[in-house]
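# A structural walkthrough
In case you want the letters, here they are:
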Amino acid sequence: MSVNQQAHTGPPYGQPQPGYQGYQQPAYGGQSLPGVPQAQYGAYNGPMPGYQQPVPPQGYFPSLGFPSKGSPVSLNSDTSSLAPNFIGSLRAPPTSGAPPPASGASHPSGPLAYSQFEHGDVQNGIPASAAPVQRPPASQPFLPGSAPTPVIQQYGAPPASVQQLRNHMAGMTIGSTAASAPPPAGLGYGVGPSSYPPTTGAPRPPAMPGPPLPGQTVAAPPSSQPNHVSSPPPPSTMAGLHPGPPMSGLHGPPPPTHPPQPGYPMQQNGSFGQMRGPQPNYGGAYPGAPNYGSPPGPPPPPKRLDPDSIPSPQLNELPPQQKPRHRIDPDAIPSPIQVIEDDRNNRGSEPFVTGVRGQVPPLVTTNFLVKDQGNASPRYIRCTSYNIPCTSDMAKQSQVPLAAVIKPLATLPPEETLPYLVDHGESGPVRCNRCKAYMCPFMQFIEGGRRFQCCFCSCVTEVPPHYFQHLDHTGKRVDFYDRPELSLGSYEFLATVDYCKNNKFPSPPAFIFMIDVSYNAVKSGLVRLICEELKSLLDYLPREGNMEESAIRVGFVTYNKVLHFYNVKSSLAQPQMMVVSDVADMFVPLLDGFLVNVNESRTVIASLLDQIPEMFADTRETETVFAPVIQAGLEALKAAECAGKLFIFHTSLPIAEAPGKLKNRDDRKLINTDKEKTLFQPQTSFYNNLAKDCVAQGCCVDLFLFPNQYLDVATLGVVPYQTGGSIYKYAYFQLETDQYRFLNDLRRDVQKEVGFDAVMRVRTSTGIRATDFFGAFYMSNTTDVEMAGLDCDKTITVEFKHDDKLSEDSGALLQCALLYTSCAGQRRLRIHNLSLNCCTQLADLYRNCETDTLINYLAKFAYRGVLSSPVKTVRDALINQCAQILACYRKNCASPSSAGQLILPECMKLLPVYLNCVLKSDVLQPGPEVTTDDRAYIRQLVTSMDVAETNVFFYPRLLPLTKADVDSDSLPAAIRNSEERLSKGDIYLLENGLNIFVWVGVSVQQGLIQNLFGVSSFSQISNALSTLPVLENPFSKKVRSIVDMLQGQRSRYMKLIVVKQEDKLEMLFKHFLVEDKSLTGGASYVDFLCHMHKEIRQLLS
Ligand SMILES: [Zn+2]
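In this text, all values refer to a predicted model and were calculated from it rather than measured experimentally. Each chain carries its own residue numbering, running from 1 in the direction its sequence is written. Thresholds applied to this predicted model are a pLDDT of at least 70 for local features of residues and 80 or more for the giving and counting of side-chain atom pairs; totals over whole chains, interfaces and linings are not thresholded and use all residues. Side-chain calculation: all heavy atoms of the structure are included, whereas hydrogens and water are not.

### Regarding the overall build of the chain
Scanning the chain for helices and strands turns up 23 helices and 31 strands. Relative accessibility decides the category of a residue: with a 1.4 Å probe and only protein chains considered, values under 20% of the type maximum give buried, values over 50% give exposed, and everything between is partly exposed. When each of the 1101 residues of the chain is scored for burial, the buried share is 62%. Residue contacts follow a heavy-atom distance rule, with two residues in contact if any of their heavy atoms lie within 4.5 Å. Nonlocal contacts in the chain, meaning residues at least 24 apart in sequence, comprise 78% of its contacts between residues at least 6 apart. Here, Shrake-Rupley sampling with a 1.4 Å probe gives the accessible areas, and only protein chains in the shown set may cover a residue. Looking at the chain as shown, the accessible area adds up to about 38,900 Å², and 54% of this sits on carbon and sulfur atoms. Numbering of helices and strands runs from the N terminus; a helix is a DSSP stretch of H or I covering at least four residues, while a strand is a stretch of E covering at least two.

### Here's the deal with the nonpolar core
Grouped together as the largest cluster of nonpolar side chains are 146 residues, with contacts concentrated most on Phe565, Ile648, Tyr846, Leu924 and Phe1013. At 11 residues, helix α16 (residues 871-892) tops the list of elements feeding residues into this core. The criterion is simple. A nonpolar core is a set of buried Ala, Val, Leu, Ile, Met, Phe, Trp, Tyr and Cys residues joined through side-chain atoms within 4.5 Å.

### Quick notes on the pattern of salt bridges
Here a salt bridge means any side-chain nitrogen of Lys or Arg lying within 4 Å of a carboxyl oxygen belonging to Asp or Glu. Enumeration according to the criterion identifies 49 salt bridges in this entry. A salt bridge links Arg451 to Glu447; its shortest N-O distance comes to 3.3 Å. Overall, the relative accessible area of 28% leaves Arg451 in the partly exposed class. Measuring nitrogen to oxygen at the nearest pair gives 3.7 Å for the salt bridge that ties Lys1070 to Glu979. Residue Lys1070 is located in helix α22 (residues 1066-1070), and its partner Glu979 is located in the loop between β28 (957-960) and β29 (987-991); the two are separated by 91 residues in the primary sequence. For the pair formed by Lys1070 and Glu979, the shared burial category is buried. Because the salt bridges share partners, they merge into one network encompassing Lys645, Asp702, Arg748, Asp749, Lys752, Asp791, Asp793 and Lys794.

### Looking at the layout of surface pockets
Only protein atoms enter the 1 Å grid, on which a cavity is a set of points fitting a 1.4 Å probe that cannot get out and a pocket is an open set with protein on both sides within 12 Å along at least 5 of 7 lines, lining residues being those with an atom within 4 Å of a point. Grid points are joined across faces, edges and corners, and a volume is the space filled by probe spheres set on the points. Considered as a void within the structure, the largest pocket measures approximately 1,400 Å³ in volume. Lining the largest pocket we find 49 residues, and of these Asp934, Asn995, Lys1055, Ile1057 and Leu1068 sit closest to its centre. Of all the elements in the fold, those that place two or more residues in the lining of the largest pocket are β20 (727-729), α13 (735-751), α18 (932-943), α19 (947-954) and β31 (1055-1060). The leading source of residues in the lining of the largest pocket is α18, at 5 residues. Here the term charged refers only to Asp, Glu, Lys and Arg, the term nonpolar to Ala, Val, Leu, Ile, Met, Phe, Trp, Tyr, Cys and Pro, and the term polar to all other amino acids, Gly among them. Residue composition of the lining of the largest pocket, grouped by class: 23 nonpolar, 13 polar and 13 charged.

### Description of the environment of Ser726
Topologically, Ser726 is positioned in the loop between α12 (718-722) and β20. In this structure the C-alpha to C-alpha distance between Ser726 and Asp749, which are 23 residues apart in sequence, comes to 8.6 Å. Among residues more than four places away in sequence, those in contact with Ser726 are Val701, Asp702, Leu703, Pro720, Asp749, Lys752, Asp791, Lys794 and Arg1052. Any pair of N or O atoms that falls within 3.5 Å is considered a polar contact. Within protein, one atom must be able to donate a hydrogen and the other to accept it, and sequence-neighbouring residues count only if both atoms are side-chain atoms. In terms of polar contacts, Ser726 uses its side chain to reach the side chain of Lys794, at 2.5 Å.

### Describing helix α17 (residues 911-919)
Taking burial as the measure, the 9 residues of α17 include 9 buried ones, the bulk of the element. Among the residues making up α17, those that are buried are Leu911, Pro912, Val913, Tyr914, Leu915, Asn916, Cys917, Val918 and Leu919. Check the buried side of α17 and you find it contacts α3 (336-347), α15 (851-865), α16, α19 and α23 (1085-1100).

### Things to note about the coordination of the zinc ion
Surrounding the zinc ion are the protein donor atoms Cys432 (SG), Cys435 (SG), Cys454 (SG) and Cys457 (SG), which sit 2.2 to 2.3 Å from the metal. Donor selection uses N, O and S atoms within 2.8 Å of the metal (3.2 Å for Na, K and Ca). Since no water is included, sites may look incomplete. The geometry test gives tetrahedral to four donors whose angles all lie between 85 and 135 degrees, gives square planar to four donors and octahedral to six donors whose opposite members are over 155 degrees apart with all other angles between 65 and 115, and gives irregular to the rest. Because the angles between the 4 donor atoms bound to the zinc ion fall within 99 to 116 degrees, the donor set is best described as tetrahedral. Expressed as a motif, the donor residue spacing for the zinc ion is C-x2-C-x18-C-x2-C. With a relative accessible area of 1%, Cys432 lands in the buried category.

### Some remarks on the pairing of strand β30 (residues 995-1000)
The buried fraction of β30 is high, at 6 of 6 residues. Both faces of β30 are covered, namely the face carrying Asn995, Phe997 and Trp999 and the face carrying Ile996, Val998 and Val1000. Summarising the sheet, β30 and β31 pair through 6 bridges and their orientation is parallel. Note that in β31 the partner of Trp999 across the bridge is Val1059. For two strands to pair, DSSP has to find at least two bridges joining them.

### Notes on the sheet that holds strand β12 (residues 460-462)
Pairing within the open sheet is antiparallel, and its 3 strands lie in the order β10-β11-β12. Every other strand in the sheet has two partners, leaving β10 (444-446) and β12 as the edge strands with one partner each. In this sheet, neighbouring strand axes are inclined to one another by 30 degrees on average, regardless of whether the strands run parallel or antiparallel. Both strand β11 (residues 451-453) and β12 contribute to a ladder of 3 bridges, which runs antiparallel. Within β12, the position partnered with Gln453 by the bridge is Val460. Every axis corresponds to a line fitted to the C-alpha atoms, with the helix fit spanning only the stretch in contact, and the corresponding angles, defined between N-to-C directions, vary from 0 to 180 degrees.

Here you go:
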């Protein structure tokens, strides 16, 4: 029995489930939980509690859509599906997890269900049998107030009052050592005294109090790095807090004579070439620009007393000789930990109901349930702002980018309902005649329901006869709640043949496994490992609903300088190999028997996978080809007339004579030069053309790389990137330490939900339009995002620009339509709708922004910029844009205050700290240990990340493991990413979505070391550990369960690295303490905040 099978939770109301049973959820990582069955398509409970079942009026036309698929309709107020989003072991599976009966009796297969209630079926509308309102307890009841606390909400410290911020600013100094003065007690934004164990002795000491051992390269305390490029300004530049010439009308400080701060060259306004970003001559725009705010601007929400003001020391009132050496207390500046915790406390307990336009969702770090009442869940779409300026002038003035981060096939938690599949039969979905927008909750039905007016383009379209329905007294169709496309933000349509390539329904896709069998791959044990794994993994190919077996066919190729195809036809006793040595003009030497059904060819495949490692065990071939491998897969899919995915396992730079042959062009000397961009560009356009061919065929490429040296990820990644595929990289792959991570990634990658031959279009209401796109895809025109494959982890970021005025009344609408082929070969449309508010006051814009999404967009924008501009230009542009965003707020929205104060919008108060993390990231500011391949790899990864992933990637999560309560399921409260927060008596975990570090302080109690590592002393801890030993004690179990939980939340299996304090590996770890000054020149948070303040003041002067 396949573990991939869904546990049968029983269809609510005893009704057949909609035919679309939901994708098989991967068992590894992601948002799903290992071993926890994912939600089936549950009952469609009308969003409106208490909705009375209407009596079909005369002429009630039997609808062919959603209700006729047998999906039950609940008429009562149903909250039973709103069980809290438990994490980990807290949440028991809804059922015993027993697989459904093989007969699938209660889960009709997809195709069966679609034809079950064909045209004319009298059960249309609300079936009488669906009337019973008692819902079986398929999911846990939601009892507000009594819900178990989700694990990661259990943060200890109460929210610090932001008010405290402004009360202790006098006397602060800039600097990053804490040796000279203890911080004021009880400051806001702290994480509570409990986070500062008394064992550290002095308040906030350098975390490395012990002297470094001889020969070690432990970083000195920041204060001892006077020559560092971004060292804090010396006392003479304290005026950096009060920069700028005297300005009229502003209560400013005396003109400083500060030199440009090291590490922050002067802005290069207007020099920003092709890239979008700072407006040339922005300086002049402010005084003369129309002031959309109502000066002095609406006050912040009443519950706050100027919470976002971060006053700077008022030094100017002191005679110079009396000026103390001021520092800014890190506890006094906005803390990501505090913001995350506050949001969890405030918004984690109630479901996020999407019925209201322009609602800002909870942060991605908050666990919350979503109830779709007409707008797409934030799991599918997040926006930089939920209230967008009415005019383009206003948008330009604010410089706030208007963007949506869209994850069309996002995995949902088990408690939430997957999009319903609507089948309109041969007529297909109802669409606007002019702009072709799909029927959605915002369409206005008029003339008694005979026509509808498009919410996107205002065009009036006749309602097709089969879709006609009467309107109630409010103008709503009486079947409003029965139809997902009228009442929900997200749903699917079954596509007709018109939506298929060549007007032909697609065949099920194929997976082709293509294994490098050159010397390195064989010697490292990789080939054997892959073959062993595939033997079992092939049983877990994605399946639709409760289909008995996957429709996906499989094929196998091995290669070095030549390619070997395998005939694994079921009728063969043994697999047959066919070698193609002419790689210049790739063809597939066999058609029949290459792509096969796993079950039918099971024994032949098993035999092949047994034989491959033996066949190449003695190979001496070190050279590989690469492009011909992709070409071979592409040709095979073409011949089979299907879409599919290639899984390529590759080890080296393809230097063998063949198309797409590459040379080693890695040159670190190019870093920080104008030619640095070439390191990110492919070295030949050959792969771009190949990618185009692949997209045309629906051939998606997933690439697993195992390099021991440079292999030019920038070039090899072109095809995976443009086909919507994924790249995984395991540098210096070692079987013992890396196999677990690789196998987990492979399993998840093979099993995860994926659509093929996908085209996405984003429509918008009049006034704005999608102008720019970021992600892993190909575009042949300016509107359609094409992806050979799109999986549940991939996001596409879309930027919008004004092309007309918007109105506050009508707001703005987005409709994302994704046309794709399911893993069973069904052509579908997935629709996500989102309505946003529009504003004429800048303050409304700034009140409804989402900083995490903003950072996601800015990072992607910058990471694309490095392809065409010098990295420094990109960095300067980022700083400049954010300074403009904040300056505009200061000028137009903030209450009048001293010019010496840095004032940040409440919902953007983390913009500086997060922006600094982006600026310091490996792509924009690489350290010496970061390879060119690493940078290219990260650049491509980030481009497809969702908001939760970029959040933790740029600002890692740091957990004090020794503070964990072994008796609870909760996580210890996170702490800020700074060395001074670490105690040498504790053990910490840091994760960023790619790595997990376990940092062990030198003074950790022996007992803890024994319990976690099974050795008796600090010195005996091996830093070669890639997993934690399995020991039978509460601490070990607790830590391992935390690690497992974190692994389960991420789309990739994170590499675990044990770091001992003062060990050389610690340098790597410190790179992730992002609030500190980095060894590569990245500014500390405090320094950067001062710098931003200076930039803002320059803009305002
Ligand atoms: Zn329209």
